[in-house]
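# Survey of secondary and tertiary structure
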Amino acid sequence: MSLPQLLIIVGPTASGKSALAVRIAKANNAVVLSADSRQFYKEVSIGTARITQAEMDGVPHLLVGESSVYHPISAGQFEHLGLKLIEEQHLLGRNVVVCGGSGLFLDALVYGMDDLPGSNPEVRQSLENLLQAEGLGALVTQLYQLDPVILESIDVHNPRRVIRALEVCLVTGKPYSSLRTKKEATRPFEAVWIAPDWPRELLYERINWRVEQMVANGLEEEARNWQHAFQLEAFNTIGYQEWLPYFHGEASRDSVIEAIQRNTRRLAKRQLTYWRRNPNIVWIKHLELENFSFTF
């Protein structure tokens with residue numbers, strides 16, 4: 001008996017993954033399972049580019065807006081929760097489209113998590129001290145020296161991700177990337193990978209436009225309202241931290257917008273590098289996206 005297919009839509013930010021997922025889901029009696037760690041949060045929606053009810057177009061979206069910024073979901077938690085939700089939907093006779101750009105989360109879901117050491121309080125505290133004393137750049141520089149490969153697959157603007165990668169390197173004495181080679185776990189589905197494929201210059205235009213739309217929709221106000229909680233993992237990401245110099249009177253509003261656009265373009269470049277390494281992904285040319293169809 002063949003395994004049910006699990007369609008996974010990946011790719012860089014602003015490439016149209018969500019719209020493609022909704023269209024395919026509607027045509028296949030499917031639900032969408034979000035694998036975008038930023039869209040899990042219920043308290044914020046603009047800076048995380050969380051899909052709206054209108055954009056969902058009646059398609060059920062699992063995990064979107066279901067967690068709190070005070071209780072973030074880890075990749076390990078997502079692996080177990082995602083598998084449970086997929087199993088439930090398959091038992092109900094419904095197909096599942098997984099949509100998101102968080103590589104670590106998707107790898108955990110499809111291939112399983114690696115056996116990594118737990119948190120080391122002493123090492124973690126020393127890295128936190130370095131972050132406070134010298135800033136995130138010092139941590140990224142150290143990580144580049146210990147494991148340049150891992151920089152291609154984590155968000156280097158997220159201190160929590162950088163600290164965790166450094167922690168693993170320092171505790172094990174090995175590059176974090178070398179430990180992420182666990183034998184693939186057995187899964188009750190056949191993963192089918194696709195991704196929108198945009199020319200770099202058009203993707204960057206989409207990114208710049210989307211950031212402008214976020215600002216028009218109230219990104220500044222959302223960031224201002226949550227600046228007291230910027231130490232939380234949910235806000236250690238592009239779209240929030242860039243506002244701090246402006247709030248402190250040290251930068252212009254235009255420079256903040258430009259910084260968010262620039263950092264998002266850099267993120268997209270890293271995401272493309274990461275996903276291009278997956279030989280199982282079928283890349284759908286941007287001109288073919290509108291007419292692309294998939295049947296489970």
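Look a little higher up for the structure.
Residues numbered from 1 in each chain as written. Predicted model: local features only at pLDDT ≥ 70, side-chain atom pairs only at ≥ 80, totals over all residues. Heavy atoms only, no water.

## Examining the sheet that holds strand S1 (residues 5-9)
Ordered by their spatial adjacency, six strands build an open sheet running S3-S2-S4-S1-S5-S6, and the pairing between neighbours is parallel. Looking at strand neighbours, the two that pair on one side only are strand S3 (61-62) and strand S6 (281-285), the edges of this open sheet. Where strand S2 (residues 30-34) lies against S3, two bridges are found, and the strand directions are parallel. For Val 32, the partnering residue across the bridge sits in S3 and is His 61. Docked against the sheet, helix H4 (residues 103-111) engages S1, S2, strand S4 (95-99) and strand S5 (190-197), running at close to 155° with respect to S5. Here helix H12 (residues 253-276) sits on the sheet and contacts S5 and S6; the angle it forms with S6, its principal contact strand, is near 130°. (Pairing = 2+ DSSP bridges. Helix = DSSP H or I, 4+ residues; strand = E, 2+ residues; numbered from the N terminus. Contact = heavy atoms within 4.5 Å. Axes fitted to C-alpha atoms, helices over the stretch in contact; angles between N-to-C directions.)

## Quick word on the pattern of salt bridges
This structure, assessed with the given rule, holds eleven salt bridges. The residue Glu 233 makes a salt bridge to Arg 161 at a minimum N-O spacing of 3.9 Å. One end of the pair, Glu 233, is in the loop between helix H10 (219-226) and helix H11 (244-247); the other, Arg 161, is in helix H7 (residues 159-172), and 72 residues separate them in sequence. Residue Glu 233 is classed as partly exposed on the basis of its relative accessible area, which comes to 27%. On the basis of relative accessible area, Arg 161 is assigned to the partly exposed category, the value being 21%. Ionic pairing is found between Lys 285 and Asp 197, a salt bridge with its closest N-O pair at 3.3 Å. Highlighted residues: Lys 285 in strand S6 and Asp 197 in strand S5, separated in sequence by 88 residues. Taking relative accessible area as the criterion, Asp 197 reaches 9% and is therefore assigned buried. Because the salt bridges share partners, they merge into one network encompassing Arg 124, Arg 164 and Glu 167. (Salt bridge = Lys/Arg side-chain N within 4 Å of Asp/Glu carboxyl O. Buried < 20%, exposed > 50% of the residue type's maximum accessible area, 1.4 Å probe, protein only.)

These figures capture arrangement, not role.
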